Amino acid sequence: MQWLIHGMEAILFGLIVCLIYSLTEAMKKDADEHIVLGNLSVNSVRKDPRCSCAPSESIKQLQMFWSTQVLEMRLNGFAPDILLHPALFEHTLDYLQGAADATAEFFQCSDRQRLQMQCYLIAKGLGAPHHDDNDLNLIERAQSHRHTEMYVAGHCAAEQWLYSQEFPKECSLFNSINAWGLVA
């Protein structure tokens, strides 16, 4: 019986040693990752948010994306409020719907959340008035305008933005408007 007790003590001691070894290895690995992450910029280390939609994160990304678009327009001497002009408004809506769709796909948002993002961009980004009766018009419009060049450019730019916090200059709203001759 005594040999059984000594055997159990040896096994218990071995398990404690394994536990301590596992904990120290995990702490070393965590410390190594911390050192590596400490040398990288915040934008280069991004958690892949492809999970259920986080409304606050998706809106935040849309705000940052739109702010970079507006900044580029202003730096090039283009007043963003001109986007409300009837000749540009429809094309800008296509671009914004493409950006909202890319963001909704990235964050795996529901159709309702996608519509909320589109309405948010139109109301806050463009400063256009928003009414609940416009929601149905937006849904119908989004379905029929998905393959316009402006929609594709907005989708491409937002998708790239979500992965790298940069967008291809050729897909920016400013360059898209100029490239397609929407502004003389």
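Fair warning: this is a prediction, and the values are worked out from it, not measured in the lab. (Residues numbered from 1 in each chain as written. Predicted model: local features only at pLDDT ≥ 70, side-chain atom pairs only at ≥ 80, totals over all residues. Heavy atoms only, no water.)

Chemist: Explain the overall build of the protein chain residue by residue, including any values.
Modeler: Looking only at helices and strands, the protein chain features seven helices and zero strands. What you see in the protein chain, going N to C, is helices and strands ordered as α-α-α-α-α-α-α. When the 184 residues of the protein chain are sorted by exposure, 35% land in the buried category. Considering only contacts in the protein chain between residues 6 or more positions apart, those separated by 24 or more positions represent 74%. Carbon and sulfur atoms make up 62% of the accessible area of the protein chain, which amounts to about 11500 Å² in all. (Helix = DSSP H or I, 4+ residues; strand = E, 2+ residues; numbered from the N terminus. Buried < 20%, exposed > 50% of the residue type's maximum accessible area, 1.4 Å probe, protein only. Contact = heavy atoms within 4.5 Å. Areas by Shrake-Rupley, 256 points an atom, 1.4 Å probe, with all protein chains shown as cover.)

Chemist: A description of the packing of aromatic side chains should follow, citing residues and the corresponding values.
Modeler: Using the criterion set out here, one finds six aromatic pairs in the structure. Judged by centre distance (4.9 Å) and plane angle (90°), the ring pair of F106 and Y163 falls under edge-to-face. With F106 in helix α3 (residues 86-106) and Y163 in helix α6 (residues 149-164), the pair connects residues that are 57 residues apart, well separated along the chain. These aromatic residues form a ring-pair network of at least three members: F65, Y95, W161 and F167. (Phe/Tyr/Trp six-rings, centres within 6.5 Å; stacked < 30°, edge-to-face > 60°.)

Chemist: Describe the confidence of the model for the protein chain, with residues and values.
Modeler: Predicted confidence across the protein chain gives a mean pLDDT of 77, with 74% of residues reaching 70 or more. α6 holds the highest mean pLDDT among the elements of the protein chain, 91, whereas helix α5 (residues 134-144) holds the lowest, 58. Note that residues 34-51 has pLDDT below 50 and, in this model, 17 contacts with residues that lie over four places away or in other chains. (pLDDT = per-residue confidence, 0-100.)

Chemist: Let's hear about the nonpolar core: which residues, and what values?
Modeler: In terms of nonpolar packing, the biggest core is built from 35 residues, with W66, L83 and L173 touching the most fellow members. At the level of secondary structure, the elements contributing two or more residues to this core comprise α2 (55-75), α3, α4 (111-125), α6 and α7 (173-179). Sequence-distant contacts of W66, that is, excluding residues within four places in its chain, are made with L83, T92, L96, L121, G125, L126 and L173. (Core = buried A, V, L, I, M, F, W, Y, C linked by side-chain atoms within 4.5 Å.)

Chemist: Tell me what's going on with the environment of C109, and back it up with residues and numbers.
Modeler: Residue position: C109 is located in the loop between α3 and α4. When its relative accessible area of 10% is taken as the criterion, C109 is described as buried. Separated by 54 residues in the primary sequence, C109 and P55 have C-alpha atoms spaced 8.1 Å apart.

Chemist: Quick one: what's the story with the pattern of salt bridges, residue by residue and with numbers?
Modeler: In the structure shown here, the tally under the stated rule is two salt bridges. Here K60 makes a salt bridge to E57, at a shortest N to O gap of 3.6 Å. You can see K60 and its partner E57 sitting in helix α2, three residues apart, about one turn around the helix. A relative accessible area of 38% places K60 in the partly exposed class. The residue D101 makes a salt bridge to R114 at a minimum N-O spacing of 3.2 Å. Residue D101 is located in helix α3, and its partner R114 is located in helix α4; the two are separated by 13 residues in the primary sequence. Each member of the pair, D101 together with R114, is buried. (Salt bridge = Lys/Arg side-chain N within 4 Å of Asp/Glu carboxyl O.)

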